[in-house]
Each structure stands twice: as structure tokens, then as C-alpha cells.
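Each chain is listed here by its residues.
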Amino acid sequence: MKEGMHDILILDGGMGRELKKTGAPFKQPEWSALALMQTPELVSEVHKRFLEAGACVITTNAYALVPFHIGENTFREQAFTLAQNAAELARGAVNALNSDGDKRRFVAGSVPPAFGSYRPDLFDASRVGDILTPLIKAQEPYVDVWLIETASSVEEAEAVVSFIKQHSSLPIWLSFSVSNRETSNEPVTLRSGEPLSEIAPVLSEVQSVLFNCSQPEEMEGAISITRSLNTSINIGAYANSFSERKRTHAANALLSEIRDDITPARYVEYVKTWVAAGATIIGGCCGIGPEHIQAISQVYPHQLSDKLF
């Protein structure tokens, strides 16, 4: 098959940093939730930018709608309404373009890490329902698929998948975050330190498995290992472009710097290795903008749709 003719479903890129580019309010700890609260029209604008760049799946801006980011009081009082607004904005952006008859586009409902990114040590299975219930109920009428994002341990993945299956019949995509290695000779591990091979049992419970919020260099190895664990599952990747190899600050303490070497052309070169390793779902996370998504769509214009759901 010639390059550019692979069946690839293209996701959007990183919502938070693109909001910052638009001039939306953006700071820690609220992250992308602040724009949802204060300038929802700019959330719609970012969705539109990614769709026009070639994304066929956009993700709701619900990633930061957890107590870790917005605080316990705001979460308790506003989580449902904010998640509903996030889903409505994404659905509205998709519906506006689906009417053109060109190709169908989809909405993924973000299921964020309930206790913070990269923090498997904070995971509390007994509180998963308390945090995820309003997010699931609010988004479900508007989304096509659930996207569990930045799962950092096997325990977290299994608990969240189990909870969603008990409360929704929509398809589930499960996305893990892997550690940034010092060298390619080191084993690929989850943020918890668990070997990637330990995700094998949960793969049979979901429609697709992805890797996100990890650097581009980590994705090829993660995809190759996963393909060896399960030869039939859909695999995807959406990397970030954070500058640090080893994070030294708390996840919501300050904004990470963005690498300036991850240009659209460079990102596409990484993407080609992911596709060669077996990925069929490609997008971007923090720092990956519409220009990166457009570059991907120019190389891989033939896209899958319903069979991935």
C-alpha cells in the first residue's frame, strides 16, 4: 500500500494550548476548564480549527472537569453543567460540518484521569463513581464514543472501563500514558512503572487502545508492543510536545514548556513510524495544533469511520 493510502482516522490535537493561542483565559490549576467557564465561544472556535484542518474526531473539552483542577466545591456545583456544555459545543461544531455531505465526523467524550494526570499514586477506586458519574451522564447524549484519557496504571484503566460499561452502552476507547524514557533501550512502562505488557487483559474490554500525553519518541514502541499483545484491536496515538523528559513539578502547578522542534513536518515523520507499527488512529495532545493535524491529513487522506466504533 502506498504512503498516504493507509486507512487512518484522524483525531484533533491539544485543546488547552490552542485555547491559549486564541487568547482564551488559560492557567493552572483550571487549565482548559477556564475557557469553558468564561469564553465558551473560543472552545467552539478551537473545535472548528481542528475540524477544518482535517480531524474526523474531536474530543469534548471535559479533561479538566475534575476536582484536581477545578476544586471540590466547583466540581460539586457545576461539573454536570460544564460537562454538558462541553459536549454540546463539540456536537455543534461537528454537526455544522456534517451537513456538508462530504464525510462524517464524530465526537469523543473525554473521560479524564479523575485524580490528575500522571498521578497513579492518587488513584482511589472507591471515588471513581463520584467523579465520573456527572461527566458520563452529562456528555452521553452528545457523544459517539468514550475516550478514557491518560490512564496511568492498570488499576485505573480497569476500574474506569468497568464503571463506564456499567453505565453506558457507547463504545470505549482507552488511552494510556507511558513514561518518557532516557534511552530507547529502556522498557516501555506506564506512568505507574508497570510494564506495558500488563495491559493485555483490559484490551479485550474496549474497541480501541491508544497512547497519549507522552512524547512522540515513545509511541512507536508502545504501539509495537500492543500489537504483539492483541493482533486485532484498533491502536492509536496522540503525543504531546512537552519539553521535559522527567517532570519535576506537580501536574497542575505550572505550565510545561513546549518543544520547538516538533514542527508539523517533524510530527508527520513520527506519525509515519506509528502507522508502520500498526496504528490506525492518529492525533495530537498538548502542544499539537491544527497545523500538525492538517499536515497529517495531507499524508493520510483516506480515513476510516464507523468500523472503529
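Presented here is an overview of the structure given in this document. Since we're looking at a predicted model, the values are computed, not measured.

Focus on the overall build of the protein
So, step 1. Scanning the protein from N- to C-terminus turns up 11 helices and 8 strands.
So, step 2. As displayed, the protein has an accessible area near 12000 Å², and 49% of this comes from carbon and sulfur atoms.

Let's talk about the packing of aromatic side chains
So, step 1. For the structure on display, the rule yields 4 aromatic pairs.
So, step 2. Note on Phe176 and Phe211: the rings are 6.5 Å apart at their centroids and 35° apart in plane angle, and the pair reads as tilted. Of this pair, Phe176 sits in strand β5 (residues 172-176) while Phe211 sits in strand β6 (residues 208-212), placing them 35 residues apart in sequence.
So, step 3. A relative accessible area of 0% places Phe176 in the buried class.
So, step 4. Given a relative accessible area of 0%, Phe211 falls into the buried group.

With respect to helix α11 (residues 290-299)
So, step 1. A large share of α11 lies buried, amounting to 7 of its 10 residues.
So, step 2. Looking only at α11, the buried set comprises Pro290, His292, Ile293, Ala295, Ile296, Ser297 and Val299.
So, step 3. Those residues of α11 that are buried lie in contact with β1 (9-10), α1 (15-22), α3 (40-53), α10 (264-277) and β8 (281-284).

Examining the sheet that holds β6
So, step 1. Judged by pairing direction, the sheet is parallel, and its 8 strands sit side by side in the order β1-β8-β7-β6-β5-β4-β3-β2 without closing on themselves. Here the strands that pair on one side only, and so sit at the sheet edges, are β1 and β2 (57-59).
So, step 2. With 4 bridges joining them, strand β4 (residues 145-151) and β5 adopt parallel strand pairing. For Ala151, the partnering residue across the bridge sits in β5 and is Phe176.
So, step 3. Contacting β3 (106-111), β4 and β5, helix α7 (residues 154-167) crosses the sheet at an angle of about 160° to β4.

Let's talk about the packing of α1 against α3
So, step 1. Where α1 contacts α3, the axes come no closer than 10 Å and their chain directions differ by 110°. On the basis of their axis angle, the class for α1 and α3 is roughly perpendicular. Like other packed secondary-structure pairs, α1 and α3 cross with a definite hand, here right-handed. Across the interface between the two elements, Met15, Glu18, Leu19 and Thr22 from α1 touch Leu42, Val43, Val46, His47, Arg49 and Phe50 from α3.
So, step 2. The residue makeup of the contact of α1 with α3, split by class, is 6 nonpolar, 2 polar and 2 charged.

Examining the pattern of salt bridges
So, step 1. Applying the stated rule across the entire model yields 15 salt bridges.
So, step 2. Salt-bridge contacts for Glu205 lead to Lys165; the nearest nitrogen and oxygen are separated by 2.8 Å. Residue Glu205 is located in the loop between α8 (200-203) and β6, and its partner Lys165 is located in helix α7; the two are separated by 40 residues in the primary sequence.
So, step 3. The class of Glu205 is partly exposed, set by a relative accessible area of 36%.
So, step 4. In this structure, the salt-bridge partner of Asp261 is Arg259, at a minimum N-O distance of 2.9 Å.
So, step 5. One connected set of salt bridges, linked through shared partners, spans Glu18, Lys21, Glu45, Arg49 and Glu291.

Here's the deal with unusual backbone geometry
So, step 1. Look at the link from Gln28 to Pro29: it is a cis peptide, with omega at 10°.
So, step 2. Along the polypeptide, Pro29 turns up in the loop between α1 and α2 (33-38).
So, step 3. We note that Thr150 has phi near 60°; this positive angle belongs to a residue other than glycine.
So, step 4. Of note, Thr150 is situated in strand β4.
So, step 5. Residue Cys213 is not a glycine yet carries a positive backbone phi of 50°.
So, step 6. Mapping Cys213 onto the fold places it in the loop between β6 and α9 (219-229).

Describing the environment of Ser162
So, step 1. Relative to the helices and strands, Ser162 resides in helix α7.
So, step 2. Under the relative-accessibility criterion, Ser162 is labelled partly exposed at 35%.
So, step 3. Through-space distance from the C-alpha of Ser162 to that of Glu205 is 8.5 Å; in sequence the pair is 43 residues apart.

Calculation rules
- Each chain carries its own residue numbering, running from 1 in the written order of its sequence.
- Local features in this predicted model are restricted to residues whose pLDDT is 70 or higher, and side-chain atom pairs enter the listing and the counts only when it is 80 or higher, whereas totals over whole chains, interfaces and linings include all residues.
- Side-chain numbers here rest on the full set of heavy atoms in the structure, without hydrogens or water.
- Helix and strand definitions here come from DSSP, where helices need a minimum of 4 consecutive H or I residues and strands a minimum of 2 consecutive E residues; each element is numbered from the N-terminal end.
- We get accessible surface area from the Shrake-Rupley algorithm with a probe of 1.4 Å; when it comes to residues, only the shown protein chains can shield them.
- Stacked, edge-to-face and tilted labels apply to pairs of Phe, Tyr and Trp rings (six-membered ring for Trp) whose centres lie within 6.5 Å, assigned for plane angles under 30 degrees, over 60, and everything in between, in that order.
- Think of it in three bands: residues with accessible area under 20% of the maximum for their type are buried, residues over 50% are exposed, and the middle band is partly exposed, with areas taken using a 1.4 Å probe on protein chains only.
- Note on contacts: a residue pair is in contact if any heavy atoms of the two residues lie within 4.5 Å.
- At least two bridges found by DSSP between two strands is the condition for calling them paired.
- Lines are fitted to the C-alpha atoms to define the axes, a helix being fitted only along its stretch in contact, and any angle between axes, read from their N-to-C directions, falls within 0 to 180 degrees.
- Throughout this description, any angle smaller than 35 degrees is read as roughly parallel, any larger than 145 degrees as roughly antiparallel, any in the 65 to 115 degree range as roughly perpendicular, and the remainder as oblique.
- Note: crossing handedness is left-handed where the near helix turns anticlockwise from the far helix by less than a right angle, and right-handed where it turns clockwise.
- Any residue outside Ala, Val, Leu, Ile, Met, Phe, Trp, Tyr, Cys, Pro, Asp, Glu, Lys and Arg is labelled polar, Gly included; the first ten of those are nonpolar and the last four are charged.
- What makes a salt bridge here is a side-chain nitrogen of Lys or Arg within 4 Å of a carboxyl oxygen of Asp or Glu, nothing more.

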